[in-house]
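Structural characterization, general
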Amino acid sequence: MKAKIEKIKIDYMGEKVTAHKLTVSSEIPIDINTAWEKVQTSSLWEFVIKGKIKFRPVGDYFPERWEQGTTVKVRMILYGVIPFGGVHTLFFEKVDGENKVIQTREWDDSAKVWNHKISLTKISDSDIYYEDDIIIYGGLITGVISSWAKSFYKHRQKRWQLVAKKSGRQALNPHLNH
């Protein structure tokens with residue numbers, strides 16, 4: 001797994017500000033079609049974030065599948081106990097099945113900009129290259145948010161490894177449900 005944070009300039013409310021670009025990537029032993037089907041679901045999202053953060057939907061519930069043009073509002077609870085950021089808004093700007101890319105524009109009271117791009121690339125019939133690219137801006141606390149985000153996305157990608165193992169066992173034995 002690789003992770004890096006770099007400083008970049010972005011436009012925010014008509015001004016040039018210094019944001020961070022976080023990139024976390026790894027190879028995952030799962031076929032690309034299975035990974036693509038899973039990455040579009042709320043259930044996968046809730047599994048990979050478990051232990052670091054809990055999202056509670058504002059209003060109804062999470063959609064079963066993420067769809068382009070959808071907006072979801074949530075309350076974030078770090079480590080299941082610390083409320084953070086107020087209402088967090090996720091706008092699914094792109095869900096591109098051909099290129100295997102999901103792009104969100106996100107924001108809340110702390111993270112003014114949290115633009116997240118998930119990319120899946122086929123390495124072989126049984127392996128993918130998975131990359132999270134996140135542009136983060138939170139004013140004076142950009143560095144703190146970015147450091148936490150780095151550990152969060154590394155956690156997510158480790159949890160993806162568990163998904164891949166489970167998917168591999170199910171492919172060998174389709175009756176295996178756990």
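Residues numbered from 1 in each chain as written. Predicted model: local features only at pLDDT ≥ 70, side-chain atom pairs only at ≥ 80, totals over all residues. Heavy atoms only, no water.

**Comments concerning the overall build of the protein**
- A count of helical and extended segments in the protein gives three helices and eight strands.
- If you list the helices and strands of the protein from N to C, you get β-β-α-α-β-β-β-β-β-β-α.
- In terms of C-alpha radius of gyration, the protein reaches 16 Å, essentially the compact-globule figure of 16 Å for 178 residues.
- Referenced to the eigenvectors of the C-alpha coordinate spread, the extents of the protein come out at roughly 55 × 35 × 30 Å.
- For the protein, the proportion of its 178 residues judged to be buried stands at 46%.
- Here the contacts in the protein between residues at least 6 apart in sequence split such that 51% fall between residues at least 24 apart.
- Taken as a whole, the protein presents about 9,900 Å² of accessible surface, with 52% of it coming from carbon and sulfur. (Helix = DSSP H or I, 4+ residues; strand = E, 2+ residues; numbered from the N terminus. Rg over C-alpha atoms; globule rule 2.2 N^0.38 Å. Buried < 20%, exposed > 50% of the residue type's maximum accessible area, 1.4 Å probe, protein only. Contact = heavy atoms within 4.5 Å. Areas by Shrake-Rupley, 256 points an atom, 1.4 Å probe, with all protein chains shown as cover.)

**Things to note about the nonpolar core**
- Grouped together as the largest cluster of nonpolar side chains are 40 residues, with contacts concentrated most on Leu120 and Trp160.
- With eight residues, the single largest contributor to this core is helix H3 (residues 142-172).
- Those residues in contact with Trp160 that sit more than four places away from it in its chain are Ile28, Ile30, Ala35, Lys38, Val39, Leu44, Val48 and Tyr130.
- In terms of nonpolar packing, the next biggest core, distinct from the first, is built from six residues, Ile10, Val17, Ala19 and Tyr137 among them. (Core = buried A, V, L, I, M, F, W, Y, C linked by side-chain atoms within 4.5 Å.)

**Topic: the environment of Lys7**
- Turning to its location among the elements, Lys7 is positioned in strand S1 (residues 2-12).
- On the basis of relative accessible area, Lys7 is assigned to the exposed category, the value being 67%.
- The spatial distance from the C-alpha of Lys7 to the C-alpha of Gly143 is 9.7 Å, given a sequence separation of 136 residues.
- Setting aside residues up to four positions removed in sequence, Lys7 forms contacts with Thr18, Ala19 and His20.

**Digging into the sheet that holds strand S6 (residues 101-107)**
- Pairing within the open sheet is antiparallel, and its eight strands lie in the order S1-S2-S8-S7-S6-S5-S4-S3. The two strands at the open ends of the sheet, each matched to only one other strand, are S1 and strand S3 (53-57). Strand-to-strand, the axes of this sheet are offset by a mean angle of 25°, without reference to chain direction.
- Where strand S7 (residues 113-124) and strand S8 (residues 127-137) come together, 11 bridges link them in antiparallel fashion. (Pairing = 2+ DSSP bridges. Axes fitted to C-alpha atoms, helices over the stretch in contact; angles between N-to-C directions.)

**Quick notes on the pattern of salt bridges**
- All chains considered together, the criterion is met by five salt bridges.
- A salt bridge links Asp11 to Lys16, with the shortest nitrogen-to-oxygen separation between them at 3.6 Å. Comparing Asp11 with Lys16, the two get one shared label, exposed.
- Of the charged contacts in the structure, one is a salt bridge between Arg65 and Glu37, with a shortest N-O distance of 3.2 Å. You can see Arg65 sitting in the loop between S3 and strand S4 (71-78) and its partner Glu37 sitting in helix H1 (residues 32-39), a full 28 residues away along the chain. (Salt bridge = Lys/Arg side-chain N within 4 Å of Asp/Glu carboxyl O.)

**Remarks on the environment of Glu46**
- Relative to the assigned elements, Glu46 resides in helix H2 (residues 42-49).
- Put simply, Glu46 and Ile145 are 99 residues apart on the chain and 20 Å apart in space, counted from C-alpha to C-alpha.

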